[in-house]
Amino acid sequence: MAVDLPDNVLITRLDELVSWCRKNSLWPMPFATACCGIELMATGASRHDLARFGAEVFRFSPRQCDLMIVAGRVVMKMLPVLQRIWMQMHEPKWCISMGACASTGGVFDTYCVVQGIDRFLPVDMYAPGCPPRPEQLIQTIIDLQEKIQSEGTMFGREFEDPERQRPKMALRLEGRKEAAELAQRRGTP
Amino acid sequence: MSTQETVKSLSQAFGPLPASHFRGQTRVVVPVDRLHEVLKFLKEGRGFDFLVDITCVDYLYYRDAVDRFGLVYLVANTATNERITIRALVNDPDPEAPSVVDLWRGADWMEREVWDLFGVRFTGHPDLRRILLPDEFSAFPLRKDYPLQGRGERHNFPVITRAES
Ligand code: SF4
């Protein structure tokens, strides 16, 4: 049965449409703890103008946000706070780990700095750099938009893949190994 | 020079105390059991009304060092702009020093910081809790025998997966 459609009507799937709306209206939650935060502010300011990509509305309440940008090192005292804020955000939500520190601990390989937030939180995109330039963060957001579009947001397809639910198992195992090694070396300088 | 007078008056009141000068700074080492008296004397007798800082040095593995910890008190006289450093050496186990919160209220957080990072206990402190590290932290990380990368504290968190959050 053929349906006669006028030329100005498009047909798509609902999920595609919803994802298209959502990806172009990301509301970032700025979790800026260090120098990367300055670059994050520059990204939101007029010269680089994050509004061109629909992500300019920074909100300081996790209830109003769907994109957490972790910009800066996270220390062990801050990590429970970060986890709580992440839990308080509503689905669908995404996380960008911005900079070397948030992604790996960076040069701060010390007792108090968490060696990558992805050991304890799901992270969708990483922005490399120390600090990443605003262009780079914008590119990360564009890549994230692509990911949102291809993954869909209505049916929770990101939960289908069991691997994605435990995304950084390898890293976490390595972390445990490291912890065990350190415990062995305990007491030696 | 008034700093020399201060040192002289200190040794008149407390007997000879080892003092040294370096680049215009004067340092006096006092035994820890007289520390409170000396600081009280400086504050009430010599007008050192401002406690600039309390900090600590760990001399473990330090060449020729005999004592483990050196407590450093920087005091200043805001009227004459005179400054003096008082050091007291404390040792393992249970390094302890008298609290000076009763002399300078501002010593409260400084002593808590030294306790937090070096584990030097200040007797008579009204509220000796950790100040920077989380309460459940069990080590004193600025001690030289504490490994730089910690003892796994930074890995000791629950993992939140996407399905759980
Ligand atoms: S990655 Fe570099 S710029 Fe970013 S928080 Fe770490 S040290 Fe600062």
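Our structure's up above, just so we're on the same page.
Keep in mind that this is a model prediction, so the values were computed, not measured.

Caption draft 1: Examining the site of the ligand more closely. All names here are of chain A. With respect to spatial proximity, the complete set of residues near the ligand consists of Ala-34, Cys-35, Cys-36, Gly-72, Arg-73, Gly-99, Ala-100, Cys-101, Phe-108, Gly-129, Cys-130 and Pro-131. When residues of the shell around the ligand are traced back to their parent elements, those giving at least two are α2 (35–44) and α4 (99–104). Take the shell around the ligand: its biggest share by element is three residues, from α4. In the shell around the ligand, the residues fall into eight nonpolar, three polar and one charged.

Caption draft 2: Representation of the sheet that holds strand β1 (residues 19–22) of chain B within the structure. All names here are of chain B. An order of β1-β2-β5-β4-β3 is seen for the five strands of this open sheet, with the pairing classed as mixed. Either end of the sheet is taken by a strand with one partner, and the two such strands are β1 and β3 (50–58). Ignoring which end each strand starts from, the neighbouring axes of this sheet average 20° apart. In terms of strand pairing, strand β4 (residues 69–77) meets strand β5 (residues 82–90) through nine bridges, oriented antiparallel. Of the residues in β5, the one forming a bridge with Ala-76 is Arg-83.

Caption draft 3: Local environment of a nonpolar patch on the surface. On the surface, a cluster of nonpolar side chains totalling about 550 Å² of accessible area is made up of A:Leu14, A:Leu17, A:Trp20, A:Met154 and A:Phe155. The residue A:Leu14 is located in helix α1 (residues 14–23) in this model.

Caption draft 4: Just unusual backbone geometry, in detail. Of note, the bond from A:Cys130 into A:Pro131 is cis; its omega dihedral lies within 30 degrees of zero at -10°. On the secondary structure map, A:Pro131 appears in the loop between β4 (125–127) and α5 (134–151). The linkage connecting B:Asp92 with the following residue, B:Pro93, adopts the cis geometry, with an omega of -20°. One can find B:Pro93 in the loop between β5 and β6 (96–98). In this model, A:Asp49 sits at a positive phi of 55°, which is unusual for a non-glycine residue. As for its placement among the helices and strands, A:Asp49 is situated in the loop between α2 and β2 (67–71). According to the relative accessible area criterion, A:Asp49 is partly exposed, its value standing at 28%. A positive phi is found at B:Asn81, a non-glycine position, where the angle reads about 65°. By the element assignment, B:Asn81 lies in the loop between β4 and β5.

Caption draft 5: Inspection of the side chain of A:Thr140 at higher detail. Residue and element names in this part refer to chain A. Turning to its location among the elements, Thr-140 is positioned in helix α5. Residue Thr-140 is classed as buried on the basis of its relative accessible area, which comes to 5%. When residues no more than four places from it in sequence are discounted, the contact partners of Thr-140 are Ile-96, Met-125, Tyr-126 and Ala-127.

Caption draft 6: Seen up close, the environment of A:His90. All names here are of chain A. If you trace the backbone, His-90 turns up in the loop between α3 (79–88) and β3 (94–98). On the basis of relative accessible area, His-90 is assigned to the partly exposed category, the value being 44%. Taking the C-alpha atoms as reference, His-90 lies 6.5 Å from Arg-63; in sequence the two are 27 residues apart.

Reading the values: the criteria
- Note that residues are indexed from 1 along each chain, following the sequence as it is written.
- By the order in which they are written, chains take letters starting at A while ligands take numbers starting at 1.
- Per-residue local features are limited, in this predicted model, to residues with pLDDT of at least 70; the limit for side-chain atom pairs, both in listing and counting, is 80 or more; totals at the level of whole chains, interfaces and linings are taken over all residues.
- Excluding hydrogens and water, the side-chain figures rest on all heavy atoms present in the structure.
- Residue proximity to a molecule or strand is established when one non-hydrogen atom of the residue lies within 4 Å of it.
- A run of DSSP states H or I qualifies as a helix once it reaches four residues; a run of E qualifies as a strand once it reaches two. Both are numbered from the N-terminal end.
- We call Asp, Glu, Lys and Arg charged. Ala, Val, Leu, Ile, Met, Phe, Trp, Tyr, Cys and Pro are nonpolar, and the rest, Gly among them, are polar.
- The criterion for strand pairing is that DSSP finds at least two bridges linking the strands in question.
- Axes here mean lines fitted to C-alpha atoms, for a helix over just the part in contact, with angles spanning 0 to 180 degrees between N-to-C directions.
- Patch construction takes residues with relative accessible area above 30% that form no salt bridge. Like charges are linked within 9 Å, and nonpolar side chains (Val, Leu, Ile, Met, Phe, Trp, Tyr) are linked within 5 Å.
- For the accessible areas, the method is Shrake-Rupley and the probe is 1.4 Å, while residue cover comes only from the protein chains on display.
- What counts as a salt bridge is simple: a side-chain nitrogen of Lys or Arg found within 4 Å of a carboxyl oxygen of Asp or Glu.
- Under the scheme applied here, a residue whose accessible area is under 20% of the maximum for its type counts as buried, over 50% as exposed, and between as partly exposed, the area being computed with a 1.4 Å probe on protein chains only.
- Here, two residues are considered to be in contact whenever any of their heavy atoms come within 4.5 Å of each other.

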